[in-house]
Amino acid sequence: VQLQASGGGLVQAGGSLRLSCAASGRIFGGNVMGWYRQGPGKQRELVAHITGGGSTNYADSVKGRFTISRDNAKNTVYLQMNSLKPEDTAVYYCNFRFLGTSAEFGSWGQGTQVTVSS
């Protein structure tokens, strides 16, 4: 599975951004698409993920501010990020995995930089 992410950029604190990630290739069966991020000097962490059925999971730090959604017909996942904070600054990575597998063994997008200025 190949992933192509878009969106990201530079925004002031309190602003919004939307990330998109389109999957292509051998997509079949149950799967999970999600977003991870890696800030400067930090380990990669889960931001949010969503199953094909629409079940979601969010990191506590983004609950109430970020919304993940997906269009199964387009094999695309979105991350709407509102009320952005400087601590949200990171490279954001899209991930695709099949149900029952770990994200680390899934497919990863190229990463897109999100920078939030104070």
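Before going into details, it helps to say that this report is about the structure given with it.

Thresholds, definitions, all that
Residues numbered from 1 in each chain as written. Predicted model: local features only at pLDDT ≥ 70, side-chain atom pairs only at ≥ 80, totals over all residues. Heavy atoms only, no water. Pairing = 2+ DSSP bridges. Helix = DSSP H or I, 4+ residues; strand = E, 2+ residues; numbered from the N terminus. Axes fitted to C-alpha atoms, helices over the stretch in contact; angles between N-to-C directions. Buried < 20%, exposed > 50% of the residue type's maximum accessible area, 1.4 Å probe, protein only. Polar contact = N/O pair within 3.5 Å; in protein donor to acceptor, adjacent residues only side chain to side chain. Contact = heavy atoms within 4.5 Å. Disulfide = S-S within 2.5 Å. Core = buried A, V, L, I, M, F, W, Y, C linked by side-chain atoms within 4.5 Å.

## Some words on the sheet that holds strand S8 (residues 76-81)
Hydrogen bonds along the backbone pair up the strands of a sheet, which may run parallel or antiparallel. An order of S1-S3-S8-S7 is seen for the 4 strands of this open sheet, with the pairing classed as antiparallel. Edge positions in the sheet fall to strand S1 (2-6) and strand S7 (66-71), since each has one partner strand and no second. Strand-to-strand twist of the sheet, defined as the mean angle between neighbouring strand axes without regard to direction, takes the value 15°. Of the pairings in the sheet, the one linking strand S3 (residues 17-24) to S8 comprises 6 bridges and is antiparallel in character. Bridge assignment links leucine 19 to a residue of S8, and that residue is leucine 79.

## Notes on unusual backbone geometry
Phi at asparagine 75 takes a positive value of approximately 50°, unusual for a residue other than glycine. One can find asparagine 75 in the loop between S7 and S8. Of note in the backbone geometry, serine 83 takes a positive phi value of approximately 50° without being a glycine. Mapped onto the elements of the fold, serine 83 is located in the loop between S8 and strand S9 (90-98).

## Looking at the environment of glycine 54
Relative to the elements of secondary structure, glycine 54 occurs in the loop between strand S5 (45-51) and strand S6 (56-58). The exposure class of glycine 54 is partly exposed, given its relative accessible area of 39%. Note: C-alpha distance between glycine 54 and lysine 42 (12 residues apart in sequence) is 29 Å.

## Comments concerning the side chain of aspartate 88
In this structure, aspartate 88 sits in the loop between S8 and S9. Polar side-chain contacts of aspartate 88 include one of 2.8 Å to the backbone nitrogen of lysine 85. Setting aside its immediate chain neighbours within four residues, aspartate 88 contacts Arg37, Arg65, Phe66, Ser83, Val114 and Val116.

## Here's the deal with the state of the cysteines
Inspection of every chain in the model, using the stated rule, returns 1 disulfide. Linked covalently through their sulfurs, cysteine 21 and cysteine 94 form a disulfide whose S-S length is 2.1 Å. Disulfide cysteine 21-cysteine 94: the torsion about the S-S bond is -90°, which places it as left-handed. Remark: cysteine 94 occurs in strand S9 and cysteine 21 occurs in strand S3; sequence separation between them is 73 residues. Classification of cysteine 21 by relative accessible area gives buried; the value is 0%.

## Regarding the nonpolar core
One finds Trp35, Leu79, Met81 and Tyr92 to be the most contacted residues of the largest nonpolar core, which totals 27 residues. Once residues lying within four places of it in the same chain are set aside, the contact partners of methionine 81 are Gly15, Ser16, Leu17, Leu19, Arg65, Phe66, Tyr92 and Val114.

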